[in-house]
Amino acid sequence: MSHEHAFPPAVVLGLWLNAARSGSVSPTDAANALESLTHQIDLTTDAVDSSTNITTWLGLVELVKSANQPVAIALPIDGDPAGIPSSVLALLLRQSGVVAIDSDLLLLQQSDESWRLQTAHHKVIHYDLSQTRRNLTDHLALATKQLSASDLIGDESEILEALESFRSLHLPPSLTKRSVDTLELASRVMIIASGAIKSTTALHSPSIDRQRVQVLQSLITESRAVLQSVVTF
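Predicted model, so just to flag it, every value in this text is computed and none were measured.

Trainee: Even after reading the chapter, I still don't get the overall build of the chain, so can you show me in this structure?
Mentor: When you go through the chain residue by residue, the secondary structure sums to eight helices and seven strands. Within the chain, the fraction of its 233 residues that count as buried is 45%. Surface exposure of the chain reaches about 11900 Å², of which carbon and sulfur atoms provide 52%.

Quick look at the structure:
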């Protein structure tokens, strides 16, 4: 059975939290969605301040609704912690991503797969969707031109299988089709680019092969930026 690909959980959680903050969905609906997505009724927390000592999803939603800014998303990878301090990186499942509730509070999935509110000052930024969408589109056009002229060889079967397994489930109903399409495009580009780094090569030119990897890595970077742009969806 093939692995099913989906959005990083933090992206979907962030979309629901910001949808509740904007009033696009009710706090109760958002809380129910968060519980369903995480398969977890209560939250664990290290917070000692009463204002952030949240143990329920509804309490977290209400905290987000009263915050000065929407939540932000970080998708840390090797070489790019996305604003997450190293002390926190050691605690989390990186592939799940992190939701920055405010400048000192993070929602993360621990190695035991439980979700936790962690107090930690961080540097997670808010991305602008219009800019990240435009950057990805520009990089796609350039990458298509460069890679098509590179005479690459490889096996695409694993990439096609991964694309077939991709599912975009449990998104807030308030999202526009354009927003959903943008998220799906970024996710599919990441699947293709990650797979192509491993499964293609330019046999007769080391320099072209290095360029191939650089082009594909840039597509992954721009796609991650789109997925981290949940503020303006």
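Trainee: Just checking my understanding: could you explain the pattern of salt bridges for this structure?
Mentor: Working definition: two side chains of opposite charge can pair if their charged atoms are close together. Applying the stated rule across the entire model yields three salt bridges. We note a salt bridge from Asp78 to Arg94, for which the minimum N-O separation is 2.8 Å. Highlighted residues: Asp78 in the loop between β2 (72-74) and α4 (86-89) and Arg94 in the loop between α4 and β3 (98-102), separated in sequence by 16 residues. Arg94 gets classed as partly exposed once you look at its relative accessible area, which sits at 33%. Notably, a salt bridge pairs Asp80 with Arg224, separated by 3.2 Å at the nearest N-O pair. With Asp80 in the loop between β2 and α4 and Arg224 in helix α8 (residues 206-227), the pair connects residues that are 144 residues apart, well separated along the chain. Classification of Asp80 by relative accessible area gives partly exposed; the value is 30%. Accessibility expressed as a relative area gives 4% for Arg224, which makes it buried.

Trainee: Sorry, what's going on with the pairing of β3 here?
Mentor: Looking down a regular strand, the side chains alternate between one sheet face and the other. The buried fraction of β3 amounts to four of the five residues, a majority that puts the element mostly inside the structure. In this sheet, β3 lies alongside β2 in antiparallel orientation, the contact comprising three bridges. In the sheet register, Ile73 faces β3, and the bridge partner there is Val99. The sheet contact formed by β3 and strand β4 (residues 105-109) spans four bridges and is antiparallel. Residue pairing in the sheet places Val98 in a bridge with Leu108 of β4.

Trainee: For this particular structure, what's the right way to read the nonpolar core?
Mentor: Nonpolar side chains in soluble globular proteins tend to end up buried together. One finds Leu17, Leu60, Val99, Ile101 and Leu107 to be the most contacted residues of the largest nonpolar core, which totals 53 residues. A per-element tally of this core places helix α1 (residues 9-22) first, with nine residues. With sequence-adjacent residues up to four places away left out, Leu107 is seen in contact with Leu13, Leu43, Trp57, Leu60, Val98, Val99, Ile101, Trp115, Arg116 and Leu117. Core analysis: the next-biggest nonpolar cluster, separate from the first, contains 13 residues, Ala82, Leu92, Val98 and Ala100 among them.

Trainee: Would you take a moment to explain unusual backbone geometry for this structure?
Mentor: Negative phi is the rule for most residues except glycine; trans is the rule for most peptide bonds. Its identity as a non-glycine residue notwithstanding, Ala82 has a phi of 55°, on the positive side. Tracing the sequence through the fold places Ala82 in the loop between β2 and α4. Although it is not a glycine, Glu113 adopts a positive phi angle of roughly 75°.

Trainee: What is the right way to read the sheet that holds strand β5 (residues 115-119) from this model?
Mentor: Sheets are built from strands paired through backbone hydrogen bonds, the pairs being either parallel or antiparallel. Sheet architecture is open: five strands sit in the order β1-β5-β4-β3-β2, paired in mixed fashion. The outermost strands of the open sheet, each flanked by one partner alone, are β1 (44-45) and β2. Both β1 and β5 contribute to a ladder of two bridges, which runs parallel. If you follow Thr44 over to β5, its bridge partner there is Arg116.

Trainee: Which parts of the structure should I look at to understand the packing of α1 against helix α2 (residues 27-38)?
Mentor: A pair of packed helices is characterised by two quantities: the angle between their axes and the separation of those axes. Interaxial distance between α1 and α2 falls to 9 Å at its minimum, and their mutual angle equals 170°. Here α1 is positioned roughly antiparallel relative to α2, judged by the angle of their axes. Taking contact as the criterion, the partners of Val12, Leu13, Trp16, Leu17 and Ala20 in α1 are, on α2, Asp29, Ala30, Ala33, Leu34, Leu37 and Thr38. The residue makeup of the contact of α1 with α2, split by class, is nine nonpolar, one polar and one charged.

Trainee: Just to check I follow, could you spell out the confidence of the model for the chain for this structure?
Mentor: Reading predicted coordinates in detail is not appropriate for stretches of low pLDDT. Of all residues in the chain, 90% attain a pLDDT of 70 or more, and the chain-wide mean is 88. Across the chain, element-level confidence peaks in β2 with a mean pLDDT of 97 and bottoms out in strand β6 (residues 153-154) with 68.

Trainee: Got a minute to help me understand the packing of aromatic side chains in this structure?
Mentor: Given two aromatic rings, one states the distance between the centres and the angle between the planes to describe the pair. All told, the structure shown has one aromatic pair when counted by the stated rule. Residues Phe7 and Phe166 carry aromatic rings whose centres are separated by 5.4 Å and whose planes lie at 80° to one another, so their mutual orientation is edge-to-face. With Phe7 in the segment before α1 and Phe166 in the loop between α6 (157-165) and α7 (177-199), this residue pair connects regions lying 159 residues apart in the sequence. Both residues of the pair, Phe7 and Phe166, belong to the buried class.

What counts, and at which threshold
Residues numbered from 1 in each chain as written. Predicted model: local features only at pLDDT ≥ 70, side-chain atom pairs only at ≥ 80, totals over all residues. Heavy atoms only, no water. Helix = DSSP H or I, 4+ residues; strand = E, 2+ residues; numbered from the N terminus. Buried < 20%, exposed > 50% of the residue type's maximum accessible area, 1.4 Å probe, protein only. Areas by Shrake-Rupley, 256 points an atom, 1.4 Å probe, with all protein chains shown as cover. Salt bridge = Lys/Arg side-chain N within 4 Å of Asp/Glu carboxyl O. Pairing = 2+ DSSP bridges. Core = buried A, V, L, I, M, F, W, Y, C linked by side-chain atoms within 4.5 Å. Contact = heavy atoms within 4.5 Å. Axes fitted to C-alpha atoms, helices over the stretch in contact; angles between N-to-C directions. Parallel < 35°, antiparallel > 145°, perpendicular 65-115°, else oblique. Nonpolar A, V, L, I, M, F, W, Y, C, P; charged D, E, K, R; others polar. pLDDT = per-residue confidence, 0-100. Phe/Tyr/Trp six-rings, centres within 6.5 Å; stacked < 30°, edge-to-face > 60°.

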